[in-house]
Each structure stands twice: as C-alpha cells, then as structure tokens.
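# Results of the structural survey
Residues per chain, in single letters:
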There are 2 protein chains.
Amino acid sequence: MEKQMNIQPRLAAGIRDYLPEDMIPRQKMLDAIRRTFELYGFVPLDTPGLELEEVLTGGDPAFNKQIFRAGLGDLEDADLALRFDLTVPLARVIAQYGSQLEKPFKRYQMGKVWRGEKPQAGRFREFVQFDADIVGSSRPESDAEIIALMGATMEALGFENYLVRVNNRKILNGLASFIGFDASKSPDVLRIIDKMDKIEWAGVKAELEKELGFGTKEFDALRKFLDLMEGEQEGLLEKVRALMSNSPIALEGVAELEEISKSVIALGVPREKWVIDLSVARGLGYYTGPVFETILTDLPSIGSVFGGGRYDDLVERFMASSIPAVGASVGVDRIFAAMEKLGIVKKEKTVSKVLVLNFDPDCSAVGQSVLSSLRRAGVPSEIYLGRELTFKAQLAYAVKQEFPVVIIIGSREKEAGVVQVKDMNARKQDSVAFSDVPDAVKRIVDL
Amino acid sequence: MEKQMNIQPRLAAGIRDYLPEDMIPRQKMLDAIRRTFELYGFVPLDTPGLELEEVLTGGDPAFNKQIFRAGLGDLEDADLALRFDLTVPLARVIAQYGSQLEKPFKRYQMGKVWRGEKPQAGRFREFVQFDADIVGSSRPESDAEIIALMGATMEALGFENYLVRVNNRKILNGLASFIGFDASKSPDVLRIIDKMDKIEWAGVKAELEKELGFGTKEFDALRKFLDLMEGEQEGLLEKVRALMSNSPIALEGVAELEEISKSVIALGVPREKWVIDLSVARGLGYYTGPVFETILTDLPSIGSVFGGGRYDDLVERFMASSIPAVGASVGVDRIFAAMEKLGIVKKEKTVSKVLVLNFDPDCSAVGQSVLSSLRRAGVPSEIYLGRELTFKAQLAYAVKQEFPVVIIIGSREKEAGVVQVKDMNARKQDSVAFSDVPDAVKRIVDL
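Residues numbered from 1 in each chain as written. Chains lettered and ligands numbered in written order. Predicted model: local features only at pLDDT ≥ 70, side-chain atom pairs only at ≥ 80, totals over all residues. Heavy atoms only, no water.

## A closer look at the relation of the copies chain A and chain B
- Turning chain A through 180° and shifting it by 0.0 Å along the axis lays it on chain B, with an RMSD of 0.1 Å. Read as a symmetry element, the transformation amounts to a two-fold axis. Within chain A, the C-alpha atom positioned nearest to the axis of rotation is that of A:Ala70, 2.1 Å from it.
- When you check the interface residues of chain A against chain B, 100% turn up at the interface there too, and the contact is symmetric in its surfaces. (Least-squares fit on C-alpha atoms with pLDDT ≥ 70 in both. Contact = heavy atoms within 4.5 Å.)

Now the structure itself:
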C-alpha cells in the first residue's frame, strides 16, 4: 500500500485523455461522420492496433524511428508494433482475405493510430484516424464518390464555408517533361515551387537556376503553368490540355479530371464547394493520380481537414498484382478544433435531459419510479446519487451540470401524486401527475 | 520491391480482424449498448491505449507477464505499456483530475485492451471492453442503478431470457466467522466450495476436512448456509440474517442487499429478471460489497455476459483517500457470440439499401443524380463501381451482396424520365419518375 501510493497519476508525453465534456461533442462528431460514410455505402472494418512489425514497416528499418514497438516481458523477441495509419492494415486485409472480400470494397474505418513523433502543441502520439476508401475500382466515378463524400461530410458536420480542392498528380508529374526536363525531375521542380509562400518567386527562381539549371526557356514554360495555377476555373482543364500537349502523362491527368468533374456534378456537389486546383500536391509519395483536400474558408490557416487521393500500388508490399484504390482521411482532431473555434460545437457536461432530485429518503422510491418511466420513454435521465442531502444543494448541482429539466418530489408532491417539472432554461415549473411526466419533459427538450 | 514482396499478410497470434459482415452487426450491438448507457445518464470518457507502465501495474512486477510493453526504437528505455482494462485508467483519471470531475462521476467507456494471455479458441490478446461505473457514491441506489442498467442493456440487445444475479461479498466474507473460523479463512472456504460442480459435495467435504480441519459442527453450519444458497428467493435475506446473526459483516451485507432490492424494484426491473444468489462470488479480488452478474438462461454454459460490483478501493494506488465506486463490464465478444448463436444478429454484407446499376455509360450521370437524391433523403445508397459491364452481371452482384433494392436505368428509362425500382425480396419492380424515387424506396425499406 505504501509502495503503491508513490505512483503519480499522469500520462506519457504526447498522449491525451478526452474527458466527458469534450468526449460528448466529439462522439457526436464521430457519429455524424460515420452516418455520412454509411449513407455513401461504405461498410465498417475493424483491424487490431497491434500488428506484426514487418507487416507495418514492410521490412523498412527507416520506419523504426516513428513506430512504437511492443511485446511481452523483456521485449527481446518483440516482433509486434502499433499501427501508424489505417492504410497499411487495409492493404494487409485486401491481400490476406483475397476474394472473400467482394470488389469494389468500399470500407470505412475509425481507430487509433500511434506515431512516435516529437510531442508538440496540437500534435499527439496517439490519435484517431477516420478513413474511407474504395478498393478495386479504377473508374473515375469512384474518385468522384470520394469527393462527394468529402462535401457531404462537411455539410453533416455543420460547416457552411468549405472548399474541396481537386488536382491530379499526373499533371504535376508531367510538369518536368513539359518544361523540357526528364520526367524524373518533376519532384525536384515541385519541391522548389512549393516554397513560393516562404521565399517568393525570386527565391524560387534562384533555386531552380542553381539546382536544376533553369534558363529563360524553362522559366517561360514554368511561368505559363503557374499562370494557369493562379488563374480562373473557367476552361482551366482545356487550357492545361493546350499548354501541356507535349506531355502524355499530363494529358492523361486532364482527361481523368474531366471525367471526375462530370461525375461530381452529376452527384450534386454544389459548384461553389469544389474546384480544380493545380497547386494541390498532397505530401504522401504514394498518390498516383487524382488528389483531394478540403479547406475551411473561414480558417484557411489550419490547412486541409479531409484529404486523400488515388493510390494504385496499395498492396505491392504483399502481392505481385496491383489493385487500384482511392480514399480519403478525416483529420479528426484538426476538424474538431475547427468546430470548437467556429462555435459549431461546445463543451457539454451531461448527456442526460433530466435530473430527479433525491432529498427526501421517503420519496426516493417514487423518484426512481418516475425516473424509470422517463427512461422507458427514451429520455436520458438520472436521479441524484451524491452526498448533498438538501434540496438547495442538489439544485445547485443541477445548475452546475447544466441539466435542462429538474424533477422535484417532496412529501407534499408524493401525497398529491404529482411532481414538480422544472424547465431550467425557461425558469418555470409545473405540477405534473406521475404518469404525465415523460410527455411533459418531451415538450421541453429535444431528443 | 522484391524485398517487400516477401512480406506475408497475416496477423500476430491471438489477434483478430472484424471484416464488414461481422462488423456491421457488431457496430449495431455497440451502438445499442451506448444508447442504453446514455439513457441511464452515463457520460463517455476516452483514455489512451498507451499509458505509463508504472501507472498500469502499480509498480507490481508480477503484472509484466500479461502486459504488453511498448516503446520507440530499441526499446531499452521503454516505460510505456498497453492498458489491460479500463478500470485502472479510470482510477488514474479520478486521481489526476480531482475536483475537475464532478462527483458522483457516472462514466462509460468503450475501448480496446490488450492482455498477453496464451492465445486459445475464443480468447484474444486484443479485445474490446465496455464499462459503466459510478464513482464517488456509496449509496445503495447506485448499486441498483448498475443492476437496472444491466437489465435494460440486455433488453436493448434483444435478449428475452436473461437473469441478473446479485450477491454481496460481505455475506461471503462473513462465512468463515459464521462457521467458527477466523474471518481471514473465508477465501479458502469459498475456493473449496466453488469446486462443488467438479468434485461434488463428497470431494468438497474431504478438502474442507483436510485443509481446514472441518468437523461435524463446522459442516453443520456450512450445510445450513448451502441450503439457503440452493433454496427459495422468498424471504431469503431474512433467513440469512437469522442464520448469520453472529457475523456483523454478513449482517451489513444483508442490510445493503435489502436497500438495493428496494431500489431495483422502484426502478422497475421486472421481478423475474433478477435474483439474490448467494453463490455469486465474482473472481476479482477487488470487489468489496455487492456483486452482480448476468447469465443467459438459454445459454447458461457461457457464463456471465455482463458483470461487476462495488469496489471501494479504486484509487488507492494513487491517493491516500479512498473513493467508493460501483460498476459493471459488458463481455462484448461473449455477448456477440451469444447473439449470433441465438439468431438475434446475423452477418450483413452491406449497410446500403439501394444499388443503382451502371451498365450504360450514357446513363451514368442520370444514375448518379438519382443516387444523390436518395442520399439527400437519408437512404444509404451506392452506384455500381466494379468491372462488370452487363446488366446481368451487375444484378448478380446485387443479389450476392444482398441489396434490398436495385435501381435500373437504361436508355429507354432515361428517355422516359423514369427508373425501374426493383424490390429484391418481393421480386417485383415498378417504373418510377426520377423525383419519386426516394419515396418509392422508403415504401420498400425500413430506415
């Protein structure tokens, strides 16, 4: 006992709790995302947090720096690790269960992932990912489904001002050859262009000159591309096609975006809620075609809150064949922070609509019986179970915990076969017969 | 690439996936539990999977055999571990946040836990726990709340034949002194009695004689207790009070059960759904008072599916003070297995109600527009995105995936401004104008 008392109740660095006041609205957010994903026909999958390390890293030792390894006892033979995303486990599932899973496989998954990144403000070592992917379809309609899903999710969460930005990596991959370099130089060109915000055009120019030997001809070509990037939506893809006609891969990218656009329109995504944006690159190396991201136009600085793309090499780690896939991942923590900032959600102290006070022991049983009738009617309700014994102290507790309705039963009420139903927001109360309590409460609160 | 292809897609021993056909009904089960817990006023808490090892083990090295340790890199300084239950993290939260959490604190938590037990049939190293606890109330009404919650949860899950069995460890703790031994011998007496099913009364008798030196007087006293244990409910607690009048702790236990019984009745738990059962002990050492378990009377062999009790030493690892608590934990996997066995749930292939066929490229956009109208009306729906291009093959897919409704749009339908809405179960189809599709579908399926 004395030894045990030395233990300090605390969390490891970069790890957090969600106390009820945050978890109640967070749960509602996660439910809204889930409902939307199911509305779009995605089915739930659950995979373990703990996987074989080689499955997660693909045998790549460079991963070990970020991955949490795990095992029993002295950890000497530890061959397990905690997943760092939900995409590698999806690939494993696709490779492992084969034809048992009908294709296209539209699955969603919500779950915790772990990354050993340096803890810093707003960045955690354990966090929730919420992904939707369509595996086994290379149709542009599938890309459009993901874009429509992104829009619908934002609407379901209550965002009014958001924008889904769509691009195609194939256009970016064609950039080097369009400018006159070998296609393999595209990543270098992109990497340098990406610094525009920080070092401006003069800095970008200097680096391109120094690192890649850009001259007048190359700068002219690049400038034309950048002009399109910064220009109008109207006729954009036609302009890209005309400009980059010497790059087959870019033309392929344009054609795909045209098909996707048709589907996005047919799927009813409002025209002002999505754009083709040639500047969208998405960091991850594994995207091979269309890429998407969602920004909040009220909070552009927080970046993308829901992004993804097509990655057709999903299962290469496990199988010789390749399986096409497209998907997107919600930035759960980022989106929740945005919802708080915009006042779309607020902290909530209770899920209950009603607190039955419990200050007279002779009336407890009647109170429990009224409580039971409320629950049978589907009204989340509680009876006071704490230490305070007076009406006044229990009412103060109800105020503090923000119960919308309080029910009061003293000996007078018990005798008369009624309770006092107190509407805490309207600050008024009525005598209600026992059997009418559920209806009276339902007139006050929304369920 | 060649190196990567060596990796076999597989899971570690004792670890499992939930593919959609299992996850869809499982999710519904978890939702039903959650709704019931919230109906009873429990609020959600979320704590991390990864905690400091000393917090989880309380510094007890014996834990290391079952606990998964975790860390970055070479694991030399690994001081983290995966939680093995949700109760220790609850204790940490209570100790860590102190008065920030209003008491009584009624929280529920669902989450994965990890235990390094030897993998065997039906026992996994990573599994879900779903707990509800009331912290900071020693009132018998709180015990009754947990009992009522257990019953309501079983009802919400669709079980008709279940029984909540209630006992008090204080009565069992009083057993030794009632028989004439020191109170410290109660665990030994109970341990031997617990073998009744296996070695019968003769075997139990022999062990009690040999190990504890039972003689005629002791056997007579024990026999009287066992007769009550096996006897009728009617007046049971009165009989225990009369029999064990020499044991203050047993009398305290009886008085508590009387109070709890009054509340359980007032809370409207049907009389045939719960009993006082003196044989309920619950394995865990930490229960200090009332204990509960729920059995399925159709499947008694699977044991308790929802059990718990009062444990008033919750935070002793972290704090000098003691905080009373009572709670219960759903055996999620066991209860789901029972639901499958009893036919309450079945595998489900899709969450969608409608598949829009997509066999004529000229009609895709119209199909997507109809799809969009269904989703706006809240009907989970999909459009066919696979490789099959013929009507016949797509319809076969719809049959295989068990979509209740199929929508067919060919060039003829498109021209006429209608679609065919096919009720797959009733095997009949109707021509429906585009704008009437959502209503037509809602007449066929339940949402």
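Having seen the structure, we can now continue with the description.
## Some remarks on the domain arrangement of chain A
- In terms of domains, chain A is made up of domain 1 (20–39 + 103–111 + 129–341) and domain 2 (354–444).
- Between the C-alpha centres of domain 1 of chain A and domain 2 of chain A there is a distance of 53 Å. (Domains from an automatic or database assignment.)

## Describing the pattern of salt bridges
- Applying the stated criterion across every chain, the model contains 66 salt bridges over all chains.
- The partner of A:Arg10 in a salt bridge is B:Glu54, with the nearest N and O atoms 3.5 Å apart. Within this pair, whereas A:Arg10 is found in the segment before α1 (20–39), its partner B:Glu54 is found in helix α2 (residues 53–57), the two belonging to separate chains.
- Each of the salt bridges in this network shares a partner with another, and the network as a whole consists of A:Asp31, A:Arg34, B:Asp31 and B:Arg34. (Salt bridge = Lys/Arg side-chain N within 4 Å of Asp/Glu carboxyl O. Helix = DSSP H or I, 4+ residues; strand = E, 2+ residues; numbered from the N terminus.)

## A look at the sheet that holds strand β10 (residues 306–310) of chain B
All names here are of chain B.
- Taken together, the eight strands give an open sheet; going across it, the order is β1-β5-β6-β11-β10-β9-β7-β8, and neighbouring strands pair in mixed fashion. A strand with exactly one partner marks an edge of an open sheet, and here the two such strands are β1 (43–44) and β8 (274–276).
- Two elements, strand β5 (residues 105–114) and strand β6 (residues 126–135), share 10 bridges in a ladder whose sense is antiparallel. Counterpart to Lys-112 in the pairing with β6 is Val-128. (Pairing = 2+ DSSP bridges.)

## Comments concerning the packing of aromatic side chains
- Inspection of the entire model under this criterion finds 25 aromatic pairs over all chains.
- When the ring of A:Trp114 is compared with that of B:Trp114, the centres are 6.2 Å apart and the planes differ by 75°; the resulting orientation is edge-to-face. Remark: B:Trp114 occurs in strand β5 and A:Trp114 occurs in strand β5 (residues 105–114); the pair is interchain, linking two chains. Assigned by exposure class, A:Trp114 and B:Trp114 land together as buried.
- Ring pairs connect the aromatic residues A:Phe37, A:Phe42, A:Tyr108, A:Phe130 and A:Phe306, which therefore count as one cluster.
- The positively charged end of A:Arg16 is found above the aromatic ring belonging to A:Phe124, 5.5 Å away from the centroid.
- The residue whose ring lies beneath A:Lys106 is A:Phe42, and the NZ or CZ to ring-centre distance is 4.8 Å. (Phe/Tyr/Trp six-rings, centres within 6.5 Å; stacked < 30°, edge-to-face > 60°. Buried < 20%, exposed > 50% of the residue type's maximum accessible area, 1.4 Å probe, protein only. Lys NZ or Arg CZ within 6 Å of the ring centre and 35° of its normal.)

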